[in-house]
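# Architecture at a glance
Residues per chain, in single letters:
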Amino acid sequence: MSTDETQPTDSASDPAPSRAADTPRSLAEALRSREDAALADLLRARPDLLNPVPNDLTQLATRAGTRASVVRALERLDRFAQQVAEVLAVAQDPASYEEVLALLAGDEGDPAVAQALPGALGTLREQALVWGPDDRLRLVRTARELLAPTPQHPSPTGLGPTVAEATAGMSPTRVQDIVAAAGLATTHDPVSAVRSLTALFTDRTRMSALLDAAPAESVEVLSRLVWGPPYGQVTADPARHLRWLLDRGLLLPTAPGTVVLPREAALHLRAGRAHRTPEPTPPPVEAAREYRPQVVDAAAAGQAYTALATVEELLKDWDEGGPAVLRAGGLSVRDLKRTAVALDTSEPLAAFWVELAYAAGLLASDGDADERYAATPAYDEWQELPAPERWSALATSWLAATRTAGLVGGRDGKDRTLSALGPHLDRSAAPEVRHRVLALVGTLPEGTAPVPESLRARLRWERPSASRGRPGQDGAANPSDSPTPQDLRSRLAEWTLNEAELLGVTGRGALSSHGRALLPEAWDAGTAESTGNTGSTAAPAQQGVAAARAARLLAPLLPEPLDHVLLQADLTAVAPGPLERPLGDALAVLADVESKGGATVYRFTPGSVRRALDAGQSASDLHAFLAAHSRTPVPQPLAYLIDDVARKHGHLRIGAASAYVRCDDEALLNEILADKRAQGLRLRRLAPTVLAAQADPGTLLDGLRSMGFAPAAESAEGDVLITRAHAHRTPPRAAPEPVPDGPPLPGDTLIGAAVRAIRAGDLASTAPRKEAPASASDGRLPRTTAAETLATMQAAVLTGEAVWIGYVNAEGTASQRVIAPVRVEGGFVTAYDHTADEVRTYPLHRVTGVAELADD
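What you see as residue numbers is a count from 1 along each chain, following the sequence as written. Residues qualify for local features only when their pLDDT is at least 70, as the model is predicted, and side-chain atom pairs are given and counted only at 80 or more; totals for whole chains, interfaces and linings, by contrast, use all residues. Values shown for side chains rest on all heavy atoms present in the structure; no hydrogens or waters enter the calculation.

### Points about the pairing of strand β21 (residues 803-808)
A large share of β21 lies buried, amounting to five of its six residues. Bridge count for β21 against strand β22 (residues 814-825) is six bridges, and the pairing is antiparallel. When the sheet's bridge partners are listed, Y807 is paired in β22 with S815. We treat two strands as partners when DSSP finds at least two bridges between them. Strands here are runs of E lasting at least two residues and helices are runs of H or I lasting at least four, both read from the DSSP assignment and numbered beginning at the N terminus. Where β21 folds back onto β22 in an antiparallel hairpin, the turn is made up of five residues, including G812, whose phi is positive at roughly 85 degrees. With a 1.4 Å probe rolled over the protein chains alone, any residue whose accessible area is under 20% of its type maximum counts as buried; one over 50% counts as exposed, and the rest are partly exposed.

### Let's talk about the environment of L683
Examined against the element boundaries, L683 turns out to sit in strand β18 (residues 683-687). In this structure, the C-alpha to C-alpha distance between L683 and I672, residues eleven residues apart in sequence, is 8.9 Å. Leaving out residues up to four positions away in the same chain, L683 has contacts with I672, L673, A678, L691, A692, A693 and L700. Between two residues, a contact is recorded if the distance between any of their heavy atoms is within 4.5 Å.

### A look at a negative patch on the surface
Each patch is assembled from residues with relative accessible area greater than 30% and no salt bridge, linking like charges that lie within 9 Å and nonpolar side chains (Val, Leu, Ile, Met, Phe, Trp, Tyr) that lie within 5 Å. Areas reported as accessible are Shrake-Rupley estimates using a 1.4 Å probe. Residue values count occlusion only from the protein chains shown. Salt bridge criterion: a side-chain nitrogen from Lys or Arg within 4 Å of a carboxyl oxygen from Asp or Glu. The charge count treats Lys and Arg as positive and Asp and Glu as negative. His and the chain ends do not count. In plain terms, the charge of a residue is placed at NZ if it is Lys, CZ if Arg, CG if Asp and CD if Glu. Residues D664, D665, E666 and E671 make up a contiguous surface patch of negative charge. Here D665 lies in the loop between β17 (659-662) and α31 (666-674).

### Observations concerning the side chain of R458
Position of R458 relative to the elements: it lies in helix α22 (residues 452-462). Classification of R458 by relative accessible area gives buried; the value is 7%. Looking at R458, its side chain comes within polar contact range of the main-chain oxygen of P283, at 3.3 Å. What qualifies as a polar contact is a pair of N or O atoms within 3.5 Å, subject to a donor-acceptor requirement within protein and to the restriction that residues adjacent in sequence count only when both atoms come from side chains.

### Examining helix α10 (residues 172-181)
The set of residues buried in α10 consists of V175, Q176, I178 and V179. Taken down its axis, α10 places every buried residue within 160 degrees of arc, on the same side. Buried residues along α10 sit in contact with α11 (190-202), α14 (240-247) and β4 (252-255). The first or second residue beyond α10 is G183, which carries a positive phi of 85 degrees. The reported arc concerns the directions from the helix axis to the C-beta atoms and nothing else.

### Observations regarding the sheet that holds strand β3 (residues 231-233)
Strand order in the open sheet formed by three strands is β3-β5-β4, and the pairing between neighbours is antiparallel. For this open sheet the edge positions go to β3 and β4, each flanked by a neighbour on one side alone. Taken over all neighbouring pairs, the strand axes of this sheet differ in orientation by 40 degrees on average, direction set aside. Summarising the sheet, β4 and strand β5 (residues 258-260) pair through three bridges and their orientation is antiparallel. Considered in β5, the bridge of P253 is made with V259. Helix axes use the C-alpha atoms of the stretch in contact, all axes being lines fitted to C-alpha atoms, and the angles between their N-to-C directions lie in the range 0 to 180 degrees.

### Re the packing of aromatic side chains
Ring pairs shown here join Phe, Tyr and Trp side chains whose ring centres sit within 6.5 Å, with only the six-membered ring taken for Trp; geometry is labelled stacked below 30 degrees between planes, edge-to-face above 60, and tilted in between. One pass over the structure, following the stated rule, counts four aromatic pairs. Two conditions define a charge located above a ring, namely a distance within 6 Å from the ring centre to NZ of Lys or CZ of Arg, and an angle within 35 degrees of the ring normal. Stacked on the ring of W382, the Lys or Arg R390 has its end atom at 5.5 Å from the ring centre.

### Here we look at the environment of A796
The topology assignment puts A796 in helix α34 (residues 786-799). Separated by 28 residues in sequence, A796 and V824 have C-alpha atoms that sit 9.9 Å apart. Those residues in contact with A796 that lie beyond four places of it in its chain are E801, V803 and P821.

### What about unusual backbone geometry?
Between N51 and P52 the backbone carries a cis peptide bond, its omega angle lying at -10 degrees. With respect to the helices, strands and loops of the structure, P52 is situated in the loop between α2 (36-45) and α3 (57-64). The omega torsion of the bond from D93 to P94 falls at 0 degrees, within 30 degrees of zero and hence cis. Locating P94 in the fold gives a position in the loop between α5 (79-90) and α6 (97-105). Despite not being glycine, R508 has its phi angle at roughly 55 degrees, a positive value. Summarising the element assignment, R508 is placed in the loop between β10 (506-507) and β11 (510-511). With a phi close to 60 degrees, L571 is a non-glycine residue in the positive phi region.

The following block contains the structure:
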């Protein structure tokens, strides 16, 4: 790797005749001149530089110039900042501010570019991608290598190499022939000839005159190459119009059969612009339709209630143990289809609800040998919360989750099918995209739905395609993604809009008031219109406050739970709204759900009534329950149905022998024995009131019920067994942790400590020292005798001056430090260590030597 970021630059190569005394010669010097706040901003913008904390500013500059770090920083720039970096990569090094502005705005100028350029350069400087004053702007060497054009990787600007670069391997005679054909005076050396040809191509007047004399076919060839790629193919005997271009250097050979349009010529044809379309300002988010905010909130609240009901229905369906876990993890396609049928929805939506419950920690695998999915203990706690708080828990989990349900059914880079609850659905960019999409929707007036394509265009400007040029080839968001990272971000934005509507965060496409409350950090004046911040997640404390506020805003919009139903004469009950939990649970046992919607319709059947009787209810209990919770009288058909089923229920008793049937009514047992459907149960009479069977009690119970009887199971003591649904729960499970996108964001405390450590280390490595004695002039740790060390330390205590020492710790690691001795006694020196920024005590026998610092 090149080291121009840490080593002084040879001033002889600079076009400027002299350099100001305060002009930094390297990136390390530029960082050294920054304030602590500016260093903290750099570490906050590029947290990968903190792992581990650099020893000094030279090491920080070196790390900031590594390929992986530069690629990551370039990918996180907005479109215009990337265009500025691309211009610096094709401009001379160093470049002036005026040159960069000219390459961006062109000969005609562009006020928007002129206005946006200082901010973009400030961003590049803040992230240590550009250093130097405005008259000597330098792009770090690694970024220049990534963005500069080569035959294998054309520049994102579409420009090719300069005349000097393209003619580097050309014979001097051929260079002189080109100069002569272009109408220039020949020179005595190829260097001056190339300089003369470059001056021609950069002179607007002379270049225009040269092109005016070109054949029309030659101009057509140049027009096809001008915006890139600048390379073309020619035969060994090119046509006349191509020969005209080759003779005058407007096409220069780079390899056998390959020619290139020189950069200077292309810039003239482009009217001085490096990019076809500069993009200094972000595209606006356009409004698709406006609604009254009350309409939006009402629609979002209705969908929020539906979301809660859907999650409850899903987990109730899996209450006794859900589908089995695949060997590779996840849910099988068949089980996903069954879940979609149970929820009366499509498979992609079923995958979303399953993933949402999993992200919220309400669903997990039970970890048994026959591993299955089931609700977690957290689900029982979640059910006890008020409806608004249950919704806010789901919404905040969705916002922070890296699980991406939209990928279910697709295939990864290894051609494996991505299954719901599978191990390959995490996409680290998902939380950032969700937050940013909602923040952009929130910039519109209340009740306004955006045009989806304008949202995607804005996101593409804020985080341009990582597949453009070479940086993106090393910066894919996830190696298993078959689409490009930008394509993934566009799909994430589309899924976010759909999922926000399903969850009730938005209503009719517009952000609801309770959805807006989930993003308190997005409504700061600086954040809402920011183009550099792409919507990071808030701290946990802020998320908790936001969730509580969203729940408060949603509460008055949700319908109050009802304590009654309307019984109909056709054996149905209508719940005109959400029911209180005890009433809903009891009614779900006594009746079957027939239809859902604004009102839920329950149907009473012999099987559902028998289910309630099996759960320990009596006929009188059911009559009393219905009478207490119905706003209409209990219909006579329903009362007859309950009494009829109760009269037959338990008349037959089944227990364990293998199994037996006993009944006081001998005629009923005779009827069973005579029924051909009972042949499979292999019944035989043991006594007038007892039949024995080869089947187990459960099979016998189901068999007799299928024949129309209403048997009841009994215990060994002869008591009727009450059967209630068994709620299967997993052991305590934590919600899945989001997969971070790169290193975790450092806090202010860590950044402050890191800046102090880097400053202290830099002081130790750069502090000027007095001329060392001959024994210590080798540039390594100072070496002095024990007597000299003791005397120098004692003198420093008296004068209060700092000294430079070499020190070897107990593990044998040598280091250099700058200390200010305070006390020397007992073979130890106590001193303020400038390197560690604290007072420390060192054994004198571990000090290799000591040297005084220079007076300045």
